[in-house]
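The residues making up each chain are set out below.
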Amino acid sequence: MSTRKIVVLGSETLRKKSKPVVSFDENLWKLLDDMRTTMKENNGMGIAGVQVGILRRVIVIEIEKDKFLEIINPQIIKTKGKVKDNEGCLSVPGFYCEVTRPKYVKITAFDRTGKPFEFEAEDYVARCICHEIDHLDGVLFVDYTDEGKAYKKSHGVE
Ligand code: CO
């Protein structure tokens, strides 16, 4: 496993829409392993493929200490409630702000072998899932709030 370089705010790559994974092969497994390593080394809680420059719909989230969820080609099928909480991002180092997200989320996705599964989450994990799925569509948490928009402006990026 190796650490990959994290793409940060200002790069056009972060704004691109990622494509679905079609081959659940060794290249994908290497990518997922590298994403996990990269996330851990940078003290992140979640990471999307685009954040290491790979425009594929892949996400790794640390749902508990040393317990990782890999989600590929996810679809949100249900949400409930709303919670406002602090959020950050490996691609926006040093900036945090409160973002409103669903309290509960249910997704469908595929695991690294291509097997479909459903997953339900609440609170922190639900927040991570929504944040990471946004990355797959080129959306960043700083897009949602006035503080985030001001931060982008102060850094001369959109
Ligand atoms: Co992020």
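Residues numbered from 1 in each chain as written. Predicted model: local features only at pLDDT ≥ 70, side-chain atom pairs only at ≥ 80, totals over all residues. Heavy atoms only, no water.

Peer 1: Quick one: what's the story with the packing of aromatic side chains, residue by residue and with numbers?
Peer 2: The full count for this structure, using the stated rule, is 3 aromatic pairs. Seen in terms of ring centroids, Phe-24 and Phe-110 are 6.1 Å apart; in terms of plane orientation they differ by 50°. Their pairing is tilted. One end of the pair, Phe-24, is in the segment before α1 (26-41); the other, Phe-110, is in strand β6 (residues 104-110), and 86 residues separate them in sequence. Ring geometry for Phe-95 against Phe-141: centres 6.0 Å apart, planes inclined by 40°, an arrangement best described as tilted. With Phe-95 in the loop between β4 (83-87) and β5 (97-101) and Phe-141 in the loop between α2 (123-136) and α3 (146-154), the pair connects residues that are 46 residues apart, well separated along the chain. For the pair Phe-95 and Phe-141, one class covers both residues: buried. The ring of Tyr-104 has Lys-80 lying over it, and the distance from NZ or CZ to the ring centre is 4.7 Å. (Phe/Tyr/Trp six-rings, centres within 6.5 Å; stacked < 30°, edge-to-face > 60°. Helix = DSSP H or I, 4+ residues; strand = E, 2+ residues; numbered from the N terminus. Buried < 20%, exposed > 50% of the residue type's maximum accessible area, 1.4 Å probe, protein only. Lys NZ or Arg CZ within 6 Å of the ring centre and 35° of its normal.)

Peer 1: Which residues make up the coordination of the cobalt ion, and what values go with them?
Peer 2: Here the cobalt ion is held by the protein donor atoms Cys-89 (SG), His-131 (NE2) and His-135 (NE2), which lie 2.1 to 2.2 Å from it. Sequence spacing of the donor residues for the cobalt ion, all on one chain, is C-x41-H-x3-H. Pair noted here: His-131 and His-135 are both in helix α2, with a separation of 4 residues, about one helical turn. Both residues of the pair, His-131 and His-135, belong to the buried class. (Donors = N, O, S within 2.8 Å, 3.2 Å for Na, K, Ca; no water.)

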